[in-house]
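Spelled out, the chains give:
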Amino acid sequence: MIPDKAPKEDVFHGSEDLRRNAHVPSFEKYKELYVQSVENPAEFWGAIAKDFFWKSQHTGRFLDYNFDVTKGEIFVKCMEGATTNICYNLLDLNVHERKLGDKVAFFWEGNEPGDELTVTYRELLQMVCQFSNVLKSQGVKKGDRVSIYMPMVVELVVAMLACVRIGAVHSIVFAGFSAESLCERIMDSQCSLLITADGFYRGEKLINLKLLADEALQKCRDKGFLIQTCIVLKHLSTDPEALVSSHSPPAKRACPDLEVPWNPDVDLCWHMLMKGASDECEPEWCESEDPLFILYTSGSTGKPKGVLHTVSGYMLYTATTFKLVFDHQPDDIYWCTADIGWITGHSYITYGPLANGATSVLFEGLPTYPDVSRMWDIVDKYHVTKFYTAPTAIRLLMKFGNEPVQKYKRKSLKVLGTVGEPINPEAWLWYYSVVGEKRCPVVDTFWQTETGGHVLTPLPAATPLKPGSATFPFFGVVPAILNESGEELEGPSEGYLVFKQPWPGVMRTVYGNHQRFETTYFKKFPGYYVTGDGCSRDKDGYYWITGRIDDMLNVSGHLLSTAEVESALVEHKAVAEAAAVGRPHPVKGESLYCFVTLKDGLAFNQTLEAELKKQVREKIGAIATPDYIQNAPGLPKTRSGKIMRRVLRKIACNEKDLGDISTLADASVVDQLFQNRCCSAV
Ligand code: WT7
């Protein structure tokens, strides 16, 4: 499946320099380790597990599973019976055993240039222990769910690791989500406590996070779900010392005078609680398959799925992928621009890097603020060596030309990475030649919230690169391409991307709904994990992701389901029916194009259009704001009433070649929709 010899033509290679010290220095070595990892996963991962601390050893098989729904319940277990604590492995081990206490864990860089803070491993451990004690004092126990809704500050990492330390399960909700989305997630995972902040700036825009959190808690109350405690971090402050320094709380600032609404029955001040908390806290020893965290991802029914990851497998997998995919070395300065509210931030800002004792940049701001050079300014400021970002950011910056990049030196850069959506070869080549000056391999990492870590990815010193291809599977991962009948295709082919066996980091269930887990990922093709992505394989065995083939949209690397957008639209009193599709967009990858059928007698106008956009933004969040809303007196449907989104996608793009439309119940609606196209969508 993986070629014996790597191709020599039309490929790009990592530099000699990188190869000399690399963990996996050649394609031959990759291949040798790969065979070992899939033929004998217990041995392969068992050797890696030796670098971690185990309070007690595993008793069951190293990796046990069933991927076949026809043979019973789907399950994956890794190192069953072992006990450990991830926070202990990430912090205590680095401080006490590996003597990295004085090493910088995070260079925090705020939204505003000049706002900065350095946190060492020792300081991070101290803060985490203190906050663990705070959580305990609020009655949080092992297994309890804690919701976190915070900006990109060090305290977000502190909050998540404090949960982990005491065996509580964090559920982080991206701070760009709406109050409604937060409420839905709090209720689905039955969280007992919420941690949030007063607010933050995204570029010049102030986000009143506390107001949104209050609104979410009110919505929960209205639905009969009560959260007793909300811990509020004061992040916005005119007092520079109060910015992030919770370990030395601002002396004169008592939090009740935050300029945000304060409900003394529910709200507690982060700084005040920390002040009195001891910085010693024995970790709670957890079993390998105990829940670690829940992270919501869009689901095709419109209701988000609570993806559940567990302790040992996730730890091994994120630590190993981080180490090998970025070829981590002790003196690296690593920067992942993602938000911790997404899986990329969980796995590759918090867990993977800290497990390796890495030094990372934690960035609160935007790539375009105060100007489009901000990223390169930060790269030079901290001498970033490994840089990980999204195709949408690359395409955005590319529009401004080379000058904003070339104003900065970028000499420190060694490896560049991308994640989130397919990267077009043009953007890949710009990233490679302009940003990396043809010196730095680009690792295009394909993975999902569900996979926990990279599953198809190059290794920077080993894999010959083809622009736009995520290349080959990571260790332990066995991909296959299936046709519609579920047959495995060999050689060059195109079809459904699936995986044949588990790797330690794969999700274990949908929180509270195991059946949904089985139906979503295992039912269509028994025996395989189905990604929902289309994929092709070329003559050299390289994998090329072609994008989602289910009812999902990928806007700027964020997944949305057509159903969740549609249900937000039909909640408006004027709307009878709605359909949402993706339309290719040069920067965002896809933009959101919606069709709405109004209730009888109502007229479509700009006011309504604006109301509908606002409605979706308020229900889901700004990332889901539709770019286009088209009046659709009728929608193209099959005779059985199913909306033909395939036809709508063509209309959104003004492509007249509709393919086979013989199943369409009423073909005249199509002409009408072509005539009514949004005039702004040329
Ligand atoms: C979906 C998963 C994984 C972290 C960010 C997104 C798309 C992700 C790539 C890539 C092509 C990619 C897929 C996938 N995707 N990375 N390198 N090349 N497509 O996590 O929100 O769970 O989305 O993102 O469609 O299924 P997510």
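The structure displayed is predicted, hence computed values, not measured ones.

Some words on the UniProt feature "domain: Acetyl-coenzyme A synthetase N-terminal" (unreviewed entry) in the protein
Working step 1: Here, the residues flagged by UniProt with the feature "domain: Acetyl-coenzyme A synthetase N-terminal" (unreviewed entry) are residues 30–89.
Working step 2: Regarding residues 30–89, the helix share stands at 38% and the strand share at 17%, and the terminal C-alpha atoms are separated by 27 Å.

As for the sheet that holds strand β21 (residues 479–482)
Working step 1: Taken together, 5 strands build an open sheet; the order of strands is β22-β21-β23-β25-β26 and the sheet is antiparallel. Each edge of the sheet is formed by a strand with only one pairing partner; in this case those strands are β22 (488–489) and β26 (543–548).
Working step 2: Pairing of β21 with strand β23 (residues 493–499), which is carried by 4 bridges, proceeds in the antiparallel orientation. Note that in β23 the partner of L482 across the bridge is Y496.

Side note on the pairing of strand β16 (residues 333–336)
Working step 1: Residues I333 and W335 of β16 are buried on one face, and the alternating residues Y334 and C336, pointing to the opposite face, are buried as well.
Working step 2: Here 3 bridges tie β16 to strand β17 (residues 359–363), and the two strands are oriented parallel to one another. In the sheet register, Y334 faces β17, and the bridge partner there is S360.
Working step 3: Note on the crossover from β16 through helix α11 (residues 343–355) to β17: the handedness is right-handed.
Working step 4: Where β16 and strand β18 (residues 386–389) come together, 3 bridges link them in parallel fashion.

Brief notes about the pattern of salt bridges
Working step 1: All chains considered together, the criterion is met by 40 salt bridges.
Working step 2: In this structure, K466 engages D538 in a salt bridge whose closest nitrogen and oxygen atoms are separated by 2.9 Å. Within this pair, whereas K466 is found in the loop between β20 (442–445) and β21, its partner D538 is found in the loop between β25 (529–537) and β26, the two being separated by 72 residues in sequence. Both residues of the pair, K466 and D538, belong to the buried class.
Working step 3: The shortest N-O distance in the salt bridge between D533 and R548 comes to 3.7 Å. Placement of the pair is D533 in strand β25 and R548 in strand β26, with a sequence separation of 15 residues.
Working step 4: Sharing partners across several salt bridges, the network here consists of E109, E116, R374 and K381.

Some remarks on the layout of surface pockets
Working step 1: Roughly 550 Å³ of internal volume is contained in the second largest pocket.
Working step 2: If you go around the second largest pocket, you meet 24 residues; those closest to its centre are I48, D51, A319, K323 and N356.
Working step 3: Listing elements by their share of the lining of the second largest pocket, those giving two or more residues are α2 (27–39), α3 (41–49) and α10 (311–325).
Working step 4: A per-class count over the lining of the second largest pocket returns 12 nonpolar, 7 polar and 5 charged.

Some points on empty space enclosed by the protein
Working step 1: Following the criterion strictly, the structure yields 3 cavities of 30 Å³ or more and no others.
Working step 2: One number sums up the size of the largest cavity: a volume of about 60 Å³.
Working step 3: Surrounding the largest cavity, T84, N85, I86, V164, G167, A168, C286, P291, L292 and V311 form its lining.
Working step 4: Tallied by class, the residues present in the lining of the largest cavity amount to 7 nonpolar, 3 polar and no charged.
Working step 5: One number sums up the size of the second largest cavity: a volume of about 50 Å³.
Working step 6: If you go around the second largest cavity, the residues you meet are I172, V173, F174, F177, R185, L295, Y296, G341 and W342.

What about the nonpolar core?
Working step 1: In terms of nonpolar packing, the biggest core is built from 173 residues, with F131 and I195 touching the most fellow members.
Working step 2: Other than its neighbours up to four places away in sequence, I195 contacts F131, L135, V146, S147, I148, Y149, M150, A159, I231 and W270.
Working step 3: Core analysis: the next-biggest nonpolar cluster, separate from the first, contains 32 residues, F107, W335, Y382 and L465 among them.

Examining the sheet that holds β20
Strands in a sheet are paired, the pairing made by backbone hydrogen bonds, and the direction either parallel or antiparallel.
Working step 1: Reading across from one edge, β5-β4-β17-β16-β18-β19-β20 is the order of the 7 strands in this open sheet, with mixed pairing throughout. Since the sheet does not close on itself, it has two edges, and those belong to β5 (116–120) and β20, each with one partner. Averaged over all adjacent pairs, the angle separating strand axes in this sheet is 20°, with direction ignored.
Working step 2: Its contacts with the sheet put helix α5 (residues 121–137) on β4 (104–109) and β5, and the angle it makes with β5 is roughly 85°.
Working step 3: Strand contacts of helix α12 (residues 374–382): β4, β5, β16, β17 and β18, with the helix running at about 145° to β4, the strand carrying the most contacts.

What counts and how
- Residues numbered from 1 in each chain as written.
- Predicted model: local features only at pLDDT ≥ 70, side-chain atom pairs only at ≥ 80, totals over all residues.
- Heavy atoms only, no water.
- UniProt positions renumbered as here; feature names shortened; annotations may be inferred.
- Helix = DSSP H or I, 4+ residues; strand = E, 2+ residues; numbered from the N terminus.
- Pairing = 2+ DSSP bridges.
- Buried < 20%, exposed > 50% of the residue type's maximum accessible area, 1.4 Å probe, protein only.
- Right-handed = clockwise from strand over helix to strand, strands pointing away.
- Salt bridge = Lys/Arg side-chain N within 4 Å of Asp/Glu carboxyl O.
- 1 Å grid on protein atoms, 1.4 Å probe; cavity = no way out; pocket = protein on both sides within 12 Å on 5 of 7 lines; lining within 4 Å.
- Points joined across faces, edges and corners; volume = space filled by probe spheres on them.
- Nonpolar A, V, L, I, M, F, W, Y, C, P; charged D, E, K, R; others polar.
- Core = buried A, V, L, I, M, F, W, Y, C linked by side-chain atoms within 4.5 Å.
- Contact = heavy atoms within 4.5 Å.
- Axes fitted to C-alpha atoms, helices over the stretch in contact; angles between N-to-C directions.

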